[in-house]
Amino acid sequence: MAEEAIVPAVRKRGRPTAAERRAREAQILSTALSVFLHSGFGHATVDELAAAAKVTKRTIYAYFGDKKALFAAMVQDLAVGVSLDAATDHGTLEALAANIILRVHSDELVGLHRLVIAESGRFPELAQALYTNGDARHIARLAEHIRAERGVRFVPLAEPLFSLLLGERHRRRLLGLTPPPGPEEAAAHAEWALEQLGLGRH
């Protein structure tokens, strides 16, 4: 008797699984920045955002609520890639400082910074979203590394350290005067910044 062909079960259409939802959210977040940079926040439409992510407008509204909430979630998602969550970050203060330079000085995040500066007059909440979900997060993660690796008395240096990691070089990047740094340049900049504050390893 011939064996019957095994036909894989097809899941009925309906509510997405948790894994599908996470994948869909990630797709929306990963494509949103290109839309915002191309059209500007004010002119970017939910139709554009949905088309870029290959989802429906209804999905955008269901997952994020509105365009402003999507922007804030996008900034937070980008920031997590710069300074990892404590549970998954097994690096050092030096590695975190270098990664902040590498990513915050990148074309992608410099473009985001320019966008927020250009649009913050009409949409001040964008600046708040960038600072709260980006800069403030990075400073907090630097503080955690400083506490663990250098001692609690050095924690107040987290904010000055972040300032040095950006500094005049970031200003030149915003003005389009210099190219983004490579890994070696970022590491050297990080080492210099740490030394200025007495946070280098001796």
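What you are looking at is a predicted structure, and each value in this text was computed from that prediction instead of being measured.

Novice: What is the right way to read the overall build of the protein from this model?
Specialist: Assigned secondary structure in the protein consists of nine helices and zero strands. For the protein, the sequential pattern of α-helices and β-strands runs α-α-α-α-α-α-α-α-α. Scaling as 2.2 N^0.38, a compact globule of 202 residues should have a C-alpha radius of gyration of about 17 Å, whereas the protein reaches 21 Å, well beyond that. Seen through its C-alpha atoms, the protein measures out along the principal axes to roughly 75 × 50 × 30 Å. Counting the 202 residues in the protein, one finds 39% classified as buried. Of the contacts formed within the protein by residues at least 6 apart in sequence, a portion of 71% connects residues at least 24 apart. Of the roughly 11,800 Å² that the protein leaves accessible, carbon and sulfur atoms contribute 56%. The distance from the centre of the 25 positive side-chain charges to the centre of the 24 negative ones in the protein is 6 Å.

Novice: Quick question: what am I supposed to make of the packing of helix α1 (residues 18–39) against helix α6 (residues 107–119) here?
Specialist: Two packed helices can be described by the angle between their axes and the distance between those axes. The interhelical angle for the contact between α1 and α6, taken along N-to-C directions, is 50 degrees, at an axis separation of 10 Å. The angle between α1 and α6 places the two elements in the oblique class. Along this stretch, α1 crosses α6, giving a crossing that reads as left-handed. Here α1 contributes L33, F36 and L37 to the contact with α6, which in turn contributes E108, G111, L112 and L115. Partitioned by chemical class, the residues of the contact of α1 with α6 number five nonpolar, one polar and one charged.

Novice: Please explain the domain arrangement of the protein as it appears in this structure.
Specialist: A common way to express how large an interface is: the accessible area buried when the components associate. Domain annotation of the protein identifies domain 1 (18–74) and domain 2 (82–196). With centres defined by C-alpha atoms, the gap from domain 1 to domain 2 works out at 25 Å. Contact residues are listed per partner, giving 10 residues for domain 1 and 12 residues for domain 2. Regarding the contact of domain 1 and domain 2, the summed buried area is about 900 Å², with carbon and sulfur atoms giving 78% of it. Counting every contact that joins domain 1 to domain 2 gives one salt bridge. The residue E125 makes a salt bridge to K68 at a minimum N-O spacing of 2.9 Å. The tally of links between domain 1 and domain 2 comes to three residue pairs in polar contact (both at pLDDT 80 or more). For the side of domain 1 that touches domain 2, the secondary structure elements donating two or more residues are α1 and α4 (67–82). Here the element with the most residues in the side of domain 1 that touches domain 2 is α4; it accounts for four residues.

Novice: Got a minute to help me understand the pattern of salt bridges in this structure?
Specialist: Pairing between side chains of opposite charge can happen when their charged atoms approach one another. This structure, assessed with the given rule, holds 14 salt bridges. Taking the shortest distance from any N to any O, the salt bridge between R122 and E119 comes out at 2.9 Å. Taking the relative accessible area as the measure of exposure, R122 reaches 54% and is therefore exposed. Between R171 and E168 there is a salt bridge, with its nearest N and O atoms 3.8 Å apart. With R171 and E168 both in helix α8 (residues 158–174) and three residues apart, the pair spans about one turn of that helix. Since its relative accessible area comes to 48%, E168 is described here as partly exposed. A single salt-bridge network, built from bridges that share partners, covers E94, E149, R150 and R201.

Rules and cut-offs
- Residues numbered from 1 in each chain as written.
- Predicted model: local features only at pLDDT ≥ 70, side-chain atom pairs only at ≥ 80, totals over all residues.
- Heavy atoms only, no water.
- Helix = DSSP H or I, 4+ residues; strand = E, 2+ residues; numbered from the N terminus.
- Rg over C-alpha atoms; globule rule 2.2 N^0.38 Å.
- Buried < 20%, exposed > 50% of the residue type's maximum accessible area, 1.4 Å probe, protein only.
- Contact = heavy atoms within 4.5 Å.
- Areas by Shrake-Rupley, 256 points an atom, 1.4 Å probe, with all protein chains shown as cover.
- Lys, Arg positive; Asp, Glu negative; His and termini not counted.
- Charge placed at Lys NZ, Arg CZ, Asp CG, Glu CD.
- Axes fitted to C-alpha atoms, helices over the stretch in contact; angles between N-to-C directions.
- Parallel < 35°, antiparallel > 145°, perpendicular 65-115°, else oblique.
- Left-handed = near helix turned anticlockwise from the far one by under 90°.
- Nonpolar A, V, L, I, M, F, W, Y, C, P; charged D, E, K, R; others polar.
- Domains from an automatic or database assignment.
- Buried area = accessible area lost by both parts, 1.4 Å probe.
- Salt bridge = Lys/Arg side-chain N within 4 Å of Asp/Glu carboxyl O.
- Polar contact = N/O pair within 3.5 Å; in protein donor to acceptor, adjacent residues only side chain to side chain.

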